[in-house]
Amino acid sequence: MSSLRESFLRCLAQTSEAPIGLEIEGARGSWLYARDGRRYLDLIAGIGVNALGHGHPAVAAAIGEQAGRHLHVMVYGEYIIEAQVRLAERLGALLPPGLGRVYFTNSGAEAVEGALKAARKRTGRTGFVAFDGAYHGDTMAALALCGNPAFRAPFGPLVGPVTHLPYDDVGALVAIDERVAAVIVEPVQAEGGVRVPSPGFMRALRERAAQAGAILIFDEVLTGLGRTGKLFALEHWNVVPDLVVLAKALGGGMPLGAICGREEILETLARDPPLGHITTFGGHPVSCAAGLAALEMIVGERLPERAAKVGERLRKRLATLDARAVRAVRGLGLLVGIEFASAELARRFSAETIDRGVVLNWTLNADRVVRLAPPLTIAEQELEFALSVMNDALRAVLG
Ligand SMILES: Cc1ncc(COP(=O)(O)O)c(C=O)c1O
């Protein structure tokens, strides 16, 4: 065992008993380079982070420029930081009208927490509604919203009251009533097994939340910034929520999250008491500069449209994988789920595929579903390579 691996296992608090454990030497484009000289095609892009692939020169240049100008200078919200202002302005221009107030955070979970606090403050209510299969992050309140009881149980009591409703079930939405401060939903569930809701669901949810006076939060941490074939997945459903939570691809590979939304909701964070929701590092200038450079590339290169086309072709090809093992292929854009006949098959397929040089991964709340979320820039030949590796891996698994 290499000494670095030994130190990794000894010094870092582990998140599972079986980490993938690639020793990363470098990363460029769609490829990860390991210390042992092997390279791996990255079909998960840091779990939906690296929309432009690894080491994009425009992002690297923006990071260098901002680092040369200044790093952290003050707790969030006090000084006028050009990188934050420019990114907020750009996001506001790209989101549906009325959602242009932006509060930057460090991560997705932190943005979810802030959205929940703003919703309570605005409505004076306490309740939250989330959905079975959902994933919203691992801090206490975000975890309380997660739809898999196995992950919540060891950490209770969590923030509440939270009601979990079945995803994509219009009939269940009557449970949203005047006790509910906010309803949070992923426009496509990722960890829930890449579940795309039926078109009427989000519209019915929008209507029901408005009737009940509850704030509707779209969690676009994973789906935002082009992943599903639109810049924001809300565009698929023609629905405008009250708040949108972003992270992952937002920082271009740097840590960054955001709550974007209606002025009258987010302004509540500034008073009663003032400074009642603050963060030291949220909206770090280097993250915002990297994020703006990445966003300009995503928009300028029309990567959402590309993701839609390439994703559709990819799903068609994946649907030809051996039907003894693969039960369904679904997704939107370049967020793709492959559902296997059993969790064991999904696990063995993933391990074989990674072993053969293509990295993909599981979903937390659906153990039969393997998820693909490659860079939006991935080349067609790279996907051809991935498909042939997946075919070989499946053949090996099925014997
Ligand atoms: C839909 C969704 N929401 C929230 C989060 C939490 O984001 P973070 O890991 O940055 O806290 C994730 C992370 O995977 C996510 O997929």
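As shown above, the structure is provided for reference.
Here is what the cut-offs are and how they apply
Residues numbered from 1 in each chain as written. Predicted model: local features only at pLDDT ≥ 70, side-chain atom pairs only at ≥ 80, totals over all residues. Core = buried A, V, L, I, M, F, W, Y, C linked by C-beta atoms within 7 Å. Buried ≥ 20, exposed ≤ 12 C-beta atoms within 10 Å, placed from the backbone. Helix = DSSP H or I, 4+ residues; strand = E, 2+ residues; numbered from the N terminus. Domains from an automatic or database assignment. Contact = placed C-beta atoms within 7 Å. Pairing = 2+ DSSP bridges. Axes fitted to C-alpha atoms, helices over the stretch in contact; angles between N-to-C directions.

1. Quick word on the nonpolar core
Nonpolar side chains tend toward joint burial in soluble globular proteins.
Phase 1 of the analysis: In terms of nonpolar packing, the biggest core is built from 126 residues, with Ala182 and Val183 touching the most fellow members.
Phase 2 of the analysis: No other element matches helix α11 (residues 285-300), which puts ten residues into this core.
Phase 3 of the analysis: Residue contributions to this core reach at least three from each of two domains, namely domain 1 (16-48 + 303-398) and domain 2 (57-300).
Phase 4 of the analysis: In this structure Val183 touches Val129, Ile176, Leu205, Ala209, Ala214, Leu216 and Ile217, once residues within four positions along its chain are discounted.

2. As for the sheet that holds strand β12 (residues 335-340)
Within a sheet, each strand pairs with its neighbour through backbone hydrogen bonds, oriented either parallel or antiparallel.
Phase 1 of the analysis: The four strands are arranged β11-β12-β15-β14 in an open sheet whose pairing can be described as antiparallel. Whereas interior strands pair on both sides, the edge strands pair on one side only; in this sheet they are β11 (326-332) and β14 (361-362).
Phase 2 of the analysis: Here four bridges tie β12 to strand β15 (residues 369-372), and the two strands are oriented antiparallel to one another. Along β15, the bridge assignment pairs Gly337 with Arg371.
Phase 3 of the analysis: Its contacts with the sheet put helix α12 (residues 303-318) on β11 and β12, and the angle it makes with β12 is roughly 10 degrees.
Phase 4 of the analysis: Against the sheet, helix α13 (residues 343-355) makes contact with β12, β14 and β15, and its axis sits at roughly 35 degrees relative to β15, the strand it touches most.

3. Here we look at unusual backbone geometry
Phase 1 of the analysis: For the peptide bond that leads from Gly160 to Pro161, omega is 0 degrees, which places it in the cis range.
Phase 2 of the analysis: Take Pro161: it is sitting in the loop between α7 (149-152) and β6 (162-165).
Phase 3 of the analysis: Residue Pro273 is bonded to the preceding Asp272 through a cis peptide linkage, with omega at 0 degrees.
Phase 4 of the analysis: Residue Asp272 is not a glycine yet carries a positive backbone phi of 50 degrees.
Phase 5 of the analysis: Its place among the elements puts Asp272 in the loop between α10 (263-266) and α11.

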